[in-house]
Structure formats: C-alpha cells, structure tokens
Amino acid sequence: MTHAVIIGAGLGGLACALFLARRGHEVDLFERDGDDPPADPPSAFASWTRRGLPQARQGHGFLGLSSEVLKTEAPDVLDRLVEAGASVIDMTNHPLPQVKLLAVRRLVYEAVLRQAVAAETRVRIHRGATVDGLIAEPGSSPPRVIGLRTAAGQDCRGDLVIDASGRWTKGAEWLAAVGARPWRDDVSETPFVYVTRHYRLKAGEVFPVPLVASSVDLSYGGATTFKGDDGAFAMAFLTSTFDPYRGALTKADRFHAVMEAIPAMAAWTSIATPINEPLALGRIDNRLRSLVDGEGPVASGYVLLGDAAMHTNPVFARGVSLAYAQARQLAATIEQQPADPLGYAVAFEAWTREHINVWYPGSVQADLSKAAQMARSCRGEDAPAGPMAAVGNAMWALAINDPDLARRWARLNHLLDPPAKLFGDPMVMSRVQPYVAGHQGLVPDDALSRGDFEAIVTA
Ligand SMILES: Cc1cc2nc3c(=O)[nH]c(=O)nc-3n(C[C@H](O)[C@H](O)[C@H](O)COP(=O)(O)OP(=O)(O)OC[C@H]3O[C@@H](n4cnc5c(N)ncnc54)[C@H](O)[C@@H]3O)c2cc1C
C-alpha cells in the first residue's frame, strides 16, 4: 500500500485518486475550491460554483481514450455518467466507425466522478484547501519531496505528491522553494480566445446530427458545438487577441447572431434557447513541462499529471483523455515509488514522454499555422490554411472512401493510436502528400465571410 497526496480535484486529480484507491492505495486529495458538487449531478452546471476551474463552463468533448480508460479502471462511473444524462455515442453510421464519444457537460461529468471518489473509504478529500508549498526531506539532493503544506498551515506527508493542479500550476515556485533546479518548460504561446455559450433544445426538438459536435473552420477563427446531457449543448467560437472584434462576441445577441449566420451552426441555434451568457477564456498556450533534465530528475517524490504536465489547444479535446491515461499508469506503477524515488521519477517521465508528449509537436505546429492564418484574415489579406490543416483536410477527404483509413484516422483522433502509427506509414503519406500539394495555398471559402462577420458584430 502506498500513500499518495494529490493537488487538485479536477478531472485528472479525481481520476487518479479513484484509480489509486481501487488498487488499495491511500489518498489525500487537496482542492482549493470549497464547494462540494450538488447531490444531483445534472444540476451541477447551474449550481456548482467552481471558481478554481476557469474552463468549467467551456465546451468539453470526451474522446475515445477517456472512455476506454474508464472502462478498464472504473466501469461503474461510465454507467453513472449515462444515468446522469451522458450519451455514449457510437459513431457506426458515420464514415469514422467504432469510436465511442461521451457527450456530457463538464461540470455534470465532474460531479459524477467526484461522487465516486467521495465514496471511496481510502480517499480523504480536503476541500477549500489551497496548497502553497512542498515539504522536502532535509539535506536531500535533488530534493526528495515528502509532502505538502496548505495556505492554512496544514502539513500532509506521503510517499508521492501528484501535482494535478492544472495548466496554471505553481509547482515551479514550490520546487524552487525546496532547492530544486528549474524544471524544463517548453511553451508555445497562442493568441487564441474561446467564447462559449450553452444552449438547450426546445421541447420536442432533437439534435440535428448523430455526431457529438459540428465544426466549421473559418480563416479568422472557427465555430464548434459540443453535445451535452439533458438536451444541452455548448457552442464555442474561436477568436484571437489580435481580432479587434473579439470583445463583441461576449455580447449575447452578437454571439447568437454570428452563430445564426453560419449555416452549420444555425442548424443548432434554430432549435434551442440559450441557458447562459457567453464566456470568454484566453491564455490557451501549448505547454510541456519535464521534471528530468540533462542531469537527471530535478526532484523526486513529486510528479506532474494532466494539464500540469502538458496541455495543448482544447480544440483537440485531448486533456481529459491524456490525464486519465497518466492516472492509470501511475496507479499501475506507484508501488515502485517508495523504494526507489529517483528511479520512479525517471521511469514515469520516460513513460510520459512516450505516451503523452508525442501529441505536443503536432499541436504546436497546427496552432502556429492557424494563428498565422487568423492574423492574415483579420488584416484583410488572403489567408490560406497552413500545412497541418491541409494534412487534416486530406485525411478527412480520403477517409470517406476508404474504411480502413477512416478507422485508423478515428483511432488517431481519439488518441487510441499514436501519431507515428498513421503519419509514419509510407503508404498513407504517399496518398496524403499529392492531396496536400493539390490544395496548397488555396484560400478557403468561409461559411461566414470576414466582411459579413464584421457587419454582424458591429451592427
Ligand atoms: C477552454 C477549454 C476547453 C477544454 N475542452 C476540453 C475538451 O473538450 N476535452 C478535453 O478532454 N479536455 C478539454 N480541456 C482540458 C481539460 O479541461 C483538462 O485537460 C482536464 O480538466 C484535466 O485537467 P487537470 O485535472 O489536469 O486540471 P484541471 O481540470 O484544470 O483541475 C485543476 C484543479 O486543481 C485545483 N487547484 C489548482 N491549484 C491548486 C492549489 N494550489 N491547491 C489546491 N487545488 C488547486 C483547481 O481548483 C482545479 O480544481 C479544455 C480546457 C480548456 C481551458
């Protein structure tokens, strides 16, 4: 039995606590937010405050990998999610077959998972407990972390401290305070801002397509829907800090008018009514942190999990799945930690590099080219899609008439296979490259022209 101390009860920290407890380990879980979720999960969207989680009411889609991990570690949670209104979408009628997506609002999902964790006798949830430092073994070098301290002065010691405090973790400061070398920090800033609003189907209406989402790529942004539970869904508009009109999107009537003017989105707005105001969220960076540098681990007894370890543009919807995969790996290996903390730090880092970090380079490249396209479009210049988007477009187009490629493309998009498995296949690339070459430099015909967009937001 190992004693884990987890910082942060977001989806990553909760999943980790659950998987550890069910394998017989003891867990102390610290969460800065003080409110428990409501007893009735479907009401969480309306009533659970969650100040510590800025993305709480942004649109979320839950990819195949997250459901696959839950199925092996906690199948009862999948059942409870369905009871709370989530739909498990089996896309067998779609060109991308056999992929299970979970459609449910983020806070409803989190309330269900939190209840499952709270029911575990081996987990102690400390809510309203902000962590503000680590405790290291005196004289250890690199520092061996043996616990944490809260802002209220509570100490908690354990075999392993798991930092699941999200993309804005203060772990770098905490480690510096116990004498660690700086961790490796690879960051690629993006200008992206998401503006999201939730809607609910009017009585008697049904969702327009059997998919979890509809997406429309625009040269100056993009629009996406995320199907949720209880007839609710999110509509998100991607804009950027260099778009002078981004502020107007947070006005309820302008947001609605923009969505209505995009035909694929109008199919959703026409059958629904809004249930909240548009919410904007920026600081959407790509970031990869590593606790091992050229000299070895910068610390032991401490690991990064979920968004704290790596996060990419939420448009790819990868965060929860990758956090779950890491949580499963931790739960399966944590017993090795107490006897060999330095060895464990190296081994966990190596696993993370192989299974999680492989998604980082492609996300950075895709975002850099999308940001460049959006900047050109906002300046009124021709704005062709970048090379990464062209590869994606080629895959979607080729997959329609090729069931094997469709299956492999779906497995990649749902993180069930690593990127190299598809993009490293010469047969696939020999088909993709001519398509990309044939579409290079083409300026997309926006479903809502930039001129019409500006007219709507300034009306
Ligand atoms: C706009 C947006 C949209 C997204 N959409 C998707 C999507 O569609 N699909 C998907 O899979 N992922 C999506 N993500 C990512 C997803 O939200 C995260 O990957 C997921 O929540 C797992 O993150 P986490 O548990 O590591 O951290 P978080 O969920 O951010 O949770 C961190 C927790 O730590 C707590 N905390 C922070 N600091 C402290 C402290 N010092 N002491 C105690 N507690 C602390 C916070 O209050 C919070 O509860 C999106 C993210 C954003 C920003």
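This one's a predicted model, so the numbers in the text were calculated from it and none came from an experiment. (Residues numbered from 1 in each chain as written. Predicted model: local features only at pLDDT ≥ 70, side-chain atom pairs only at ≥ 80, totals over all residues. Heavy atoms only, no water.)

J.: Please clarify how the packing of aromatic side chains should be interpreted in this entry.
T.: Centre-to-centre distance and the angle between the planes together describe a pair of aromatic rings. If you walk through the whole model with that rule in mind, you get 13 aromatic pairs. On the numbers, 6.5 Å between centres and 50° between planes, the contact of Tyr109 with Tyr324 is tilted. With Tyr109 in helix 5 (residues 106-118) and Tyr324 in helix 9 (residues 319-333), this residue pair connects regions lying 215 residues apart in the sequence. Joined through ring pairs, the aromatic side chains of Phe19, Phe62, Tyr109 and Tyr324 make up one cluster. Cation over ring: Arg50 sits above Trp48, and NZ or CZ is 5.4 Å from the ring centre. Over the face of the ring belonging to Tyr220 we find Arg450, whose NZ or CZ atom lies 5.1 Å from the ring centre. (Phe/Tyr/Trp six-rings, centres within 6.5 Å; stacked < 30°, edge-to-face > 60°. Helix = DSSP H or I, 4+ residues; strand = E, 2+ residues; numbered from the N terminus. Lys NZ or Arg CZ within 6 Å of the ring centre and 35° of its normal.)

J.: Would you take a moment to explain the sheet that holds strand 8 (residues 155-157) for this structure?
T.: Across a sheet, strands are paired by hydrogen bonds formed along the backbone, either parallel or antiparallel in direction. As summarised here, the arrangement of the three strands in space is 6-7-8, forming an open sheet in which the pairing is antiparallel. Of all the strands in the sheet, the pair left with one neighbour each is strand 6 (131-136) and strand 8. When strand polarity is set aside, the average angle formed by the axes of neighbouring strands in this sheet is 25°. As defined by bridge partners, strand 7 (residues 145-150) adjoins strand 8 across three bridges and the pair is classed as antiparallel. Bridged to Gly147 within strand 8 is Arg157. (Pairing = 2+ DSSP bridges. Axes fitted to C-alpha atoms, helices over the stretch in contact; angles between N-to-C directions.)

J.: I'm lost on the site of the ligand in this one. Help?
T.: The environment of the ligand is formed by 37 residues, the closest being Glu31, Arg50, Gly61, Arg106 and Asp307. Separating an oxygen atom of the ligand from a side-chain N or O atom of Arg32 is a distance of 3.1 Å. At 3.0 Å from an oxygen atom of the ligand is found a side-chain nitrogen or oxygen belonging to Gln55. Surface burial for the ligand is 97%, taken as the share of its 1,000 Å² of free accessible area covered by protein chains. (Near = heavy atom within 4 Å. Polar contact = N/O pair within 3.5 Å; in protein donor to acceptor, adjacent residues only side chain to side chain. Areas by Shrake-Rupley, 256 points an atom, 1.4 Å probe, with all protein chains shown as cover.)

J.: Would you explain the domain arrangement of the chain in this entry?
T.: Many structure descriptions define interface size as the accessible area lost when the parts assemble. In terms of domain boundaries, the chain breaks down into domain 1 (3-187 + 284-355), domain 2 (192-281) and domain 3 (384-442). Computed over C-alpha atoms, the centres of domain 2 and domain 3 are 27 Å apart. (Domains from an automatic or database assignment.)

J.: Even after reading the chapter, I still don't get unusual backbone geometry, so can you show me in this structure?
T.: Backbone geometry follows two general trends: most residues other than glycine have a negative phi, and most peptide bonds adopt the trans configuration. Here Ser141 and Pro142 are connected by a cis peptide whose omega angle stands at -5°. Among the secondary structure elements, Pro142 is positioned in the loop between strand 6 and strand 7. A positive phi angle, close to 55°, is found at Arg283, a residue other than glycine. Mapped onto the secondary structure, Arg283 falls in the loop between strand 16 (279-281) and strand 17 (286-290).

J.: What's the story with the state of the cysteines in this structure? I'm lost.
T.: A covalent bond bridging the sulfur atoms of two cysteines is what the word disulfide describes. Following the criterion strictly, the structure yields zero disulfides and no others. Here Cys16 stays free of any disulfide, with the sulfur of Cys156 as its closest cysteine sulfur at 14 Å. The class of Cys16 is buried, set by a relative accessible area of 0%. (Disulfide = S-S within 2.5 Å. Buried < 20%, exposed > 50% of the residue type's maximum accessible area, 1.4 Å probe, protein only.)

J.: Whenever I open this one, the sheet that holds strand 21 (residues 310-311) confuses me. Can you help?
T.: Spatial ordering of the open sheet is given by 10-17-21, a layout of three strands whose pairing is antiparallel. Each edge of the open sheet is held by one strand with a lone partner, namely strand 10 (184-188) and strand 21.

J.: What is the right way to look at helix 15 (residues 426-439) in this model?
T.: Structural remark: α-helix, 3.6 residues per turn; residues separated by three or four positions point the same way. Across its 14 residues, helix 15 extends 20 Å between first and last C-alpha, which sits within 8% of the 20 Å expected from 1.5 Å per residue. Along helix 15, the residues classified as buried are Val428, Met429, Val432 and Val436. Of the surrounding elements, those touching the buried residues of helix 15 are helix 12 (387-399), helix 13 (403-413) and helix 14 (419-423). With a side-chain oxygen positioned 2.9 Å from the backbone nitrogen of Met427, the residue opening helix 15 is Asp425. Gly441 occupies a position one or two residues after helix 15 and carries a positive phi of about 80°. (Expected span 1.5 Å × (residues − 1). Contact = heavy atoms within 4.5 Å.)

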